[in-house]
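Close look at the chain arrangement
Chain by chain, the residues run as shown.
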Amino acid sequence: MDAVDKIVVVTGGGSGIGRALCAAFHAAGAKKVIVADIDFAAAEQVAAGISGVASVCDVTQELQIRSLIENAETQFGPIDLFCSNAGVALGFHKRVENAAGDADSLWQQAWSVNVMAHVYAARHLIPRMKARGGGYLLNTVSAAGLLSQIGSAIYSTTKHAAIGFAENVAIMHKHDGIKVSVLCPQAVDTPLLHRLPSGPQSGDGILSPEQVARAAIEGLRRETFLILPHAEVQEYVRRKMEDRDRWIDGMAQLQRRISESNS
């Protein structure tokens, strides 16, 4: 699909990848871009620059996602593309003593944002999209959902779950005309990245949010499920699938080197 004359919603649109997606969809000719963010001032700033509309939305709250969808469709018509982009990176450690050691509250917060936000959006959009013959869901996930994340079991687990959910929606609703893509970058030059300890996520270069947004536009044009802004990820996934034990051994060695460098 292309964005020309489309109604597009982007969560987490106030900064980082979300901000770049909003600008890219506007430049590509979207009819209206709804910029949703928990930080309303940030959403307003982005919307003002693209003739869009700002909306406050805490994606951990199902009622707020439902209201976002209802209000957008009431004001502007059917949503053609919903970008479930908001995410969090929690439970990162320079040295990991126990992969399962983080507090339940951190696990739950990450699960709410990185997984359930996608579920809530799909829950309220699928019936609408089925009724009108189709629609498009773009979920920002991470290469960690295809590979893993050294330093954070929380991030790796929730991103794997997000991939699993998106795959299932794509399978179950393909014949309803609903298309699904997952945007899976490695390191991106955003405030989120700079809050994290150094790690292998930056090993293949740090992309700008604008580069990631351009990859998303191209992936949507081709309607591919996997959108990989870092081309190297495709090869890493192939190696993982060919010999998972060998891949785990290699990742464990990498983790040891990182831990030793941080000691």
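The notes below deal with the structure included here. The structure presented is a predicted model; accordingly, all values stated were derived computationally and were not measured.

Across its full length, the chain holds 9 helices and 7 strands. For 263 residues, the compact-globule formula gives about 18 Å, and the C-alpha radius of gyration of the chain, at 18 Å, lands near that figure. Counting only C-alpha atoms, the chain reaches 55 × 40 × 30 Å along its principal axes. The contacts of the chain with a sequence gap of at least 6 include a subset with a gap of at least 24, amounting to 68%. Working note: accessible area of the chain is about 12,500 Å², and carbon and sulfur atoms make up 50% of it. Between the mean site of the 25 positive side-chain charges and the mean site of the 27 negative ones, the chain shows a separation of 3 Å.

Turning to the state of the cysteines, a few remarks are in order. Per the counting criterion, the structure on display carries 0 disulfides. With no disulfide of its own, Cys-83 has Cys-22 as its nearest cysteine by sulfur position, at a separation of 7.8 Å.

Take the side chain of Asn-139 next. Residue placement: Asn-139 occurs in strand 5 (residues 135-140). Take Asn-139: its relative accessible area is 5%, and that puts it in the buried class. Not counting chain neighbours up to four residues away, the residues in contact with Asn-139 comprise Ser-84, His-118, Ala-166, Ser-181, Val-182 and Leu-183.

In this model, the second largest pocket occupies a volume close to 260 Å³. What lines the second largest pocket is a set of 20 residues, among which Ser-148, Gln-149, Ile-150, Gly-151 and Gln-255 lie closest to the centre. Secondary structure elements with two or more residues in the lining of the second largest pocket: helix 5 (153-173) and helix 9 (244-261). In terms of residue count, the dominant contributor to the lining of the second largest pocket is helix 9 (5 residues). Taken together, the residues of the lining of the second largest pocket break down into 9 nonpolar, 9 polar and 2 charged.

Another point: helix 1 (residues 16-27). The terminal C-alpha atoms of helix 1, which comprises 12 residues, lie 17 Å apart, in line with the 16 Å expected from a rise of 1.5 Å per residue. Among the residues making up helix 1, those that are buried are Gly-16, Ile-17, Gly-18, Ala-20, Leu-21, Cys-22, Ala-24 and Phe-25. Downstream of helix 1 by one or two residues, Gly-29 has phi in the positive range, about 100°.

Following the sequence through the fold, Leu-147 ends up in the loop between strand 5 and helix 5. Put simply, Leu-147 and Tyr-236 are 89 residues apart on the chain and 7.6 Å apart in space, counted from C-alpha to C-alpha. Non-local contacts of Leu-147, meaning those with residues more than four positions away in its chain, are made with His-160, Val-233, Tyr-236, Val-237, Lys-240 and Trp-247.

Along strand 6 (residues 178-183), 5 of the 6 residues are buried, which leaves the element largely enclosed by surrounding structure. As judged from the 6 bridges shared by strand 5 and strand 6, these two strands associate in the parallel manner. Across the sheet, residue Asn-139 finds its bridge partner in strand 6, namely Val-182. As paired elements, strand 6 and strand 7 (residues 226-227) share 2 bridges and run parallel to each other. Across the sheet, Val-182 pairs through a bridge with Leu-226, a residue of strand 7.

Let's shift gears to the sheet that holds strand 6. An order of 3-2-1-4-5-6-7 is seen for the 7 strands of this open sheet, with the pairing classed as parallel. Across the chains shown, the open sheet's two edge strands, defined by having one partner strand only, are strand 3 (53-56) and strand 7. With respect to the sheet, helix 3 (residues 62-76) is in contact with strand 1 (7-11), strand 2 (32-37), strand 3 and strand 4 (81-84), its orientation differing from that of strand 2 by roughly 160°. Those strands touched by helix 4 (residues 104-132) are strand 4, strand 5 and strand 6, and its axis lies near 170° from that of strand 5.

Take the nonpolar core next. Residues Ile-65, Ile-79, Phe-82, Leu-125, Leu-137 and Leu-146 are the most contacted members of the largest nonpolar core, which totals 44 residues. Residue assignment for this core shows that the elements contributing at least two residues are strand 1, strand 2, helix 3, helix 4, helix 5, strand 6 and helix 8 (232-242). Of the residues forming this core, the biggest block, 11 residues, is contributed by helix 4. In this structure, Ala-30, Val-33, Val-35 and Ala-43 belong to the second largest nonpolar core, which totals 29 residues.

With that settled, the discussion passes to unusual backbone geometry. Located in the positive-phi region is Ser-51, a residue other than glycine, with phi close to 55°. Along the chain, the position of Ser-51 falls in the loop between helix 2 (40-50) and strand 3. Owing to a relative accessible area of 54%, Ser-51 belongs among the exposed residues under this scheme. Backbone geometry places Glu-223, a non-glycine residue, at a positive phi of 55°. Summarising the element assignment, Glu-223 is placed in the loop between helix 7 (209-222) and strand 7.

What counts and how
- Residues numbered from 1 in each chain as written.
- Predicted model: local features only at pLDDT ≥ 70, side-chain atom pairs only at ≥ 80, totals over all residues.
- Heavy atoms only, no water.
- Helix = DSSP H or I, 4+ residues; strand = E, 2+ residues; numbered from the N terminus.
- Rg over C-alpha atoms; globule rule 2.2 N^0.38 Å.
- Contact = heavy atoms within 4.5 Å.
- Areas by Shrake-Rupley, 256 points an atom, 1.4 Å probe, with all protein chains shown as cover.
- Lys, Arg positive; Asp, Glu negative; His and termini not counted.
- Charge placed at Lys NZ, Arg CZ, Asp CG, Glu CD.
- Disulfide = S-S within 2.5 Å.
- Buried < 20%, exposed > 50% of the residue type's maximum accessible area, 1.4 Å probe, protein only.
- 1 Å grid on protein atoms, 1.4 Å probe; cavity = no way out; pocket = protein on both sides within 12 Å on 5 of 7 lines; lining within 4 Å.
- Points joined across faces, edges and corners; volume = space filled by probe spheres on them.
- Nonpolar A, V, L, I, M, F, W, Y, C, P; charged D, E, K, R; others polar.
- Expected span 1.5 Å × (residues − 1).
- Pairing = 2+ DSSP bridges.
- Axes fitted to C-alpha atoms, helices over the stretch in contact; angles between N-to-C directions.
- Core = buried A, V, L, I, M, F, W, Y, C linked by side-chain atoms within 4.5 Å.

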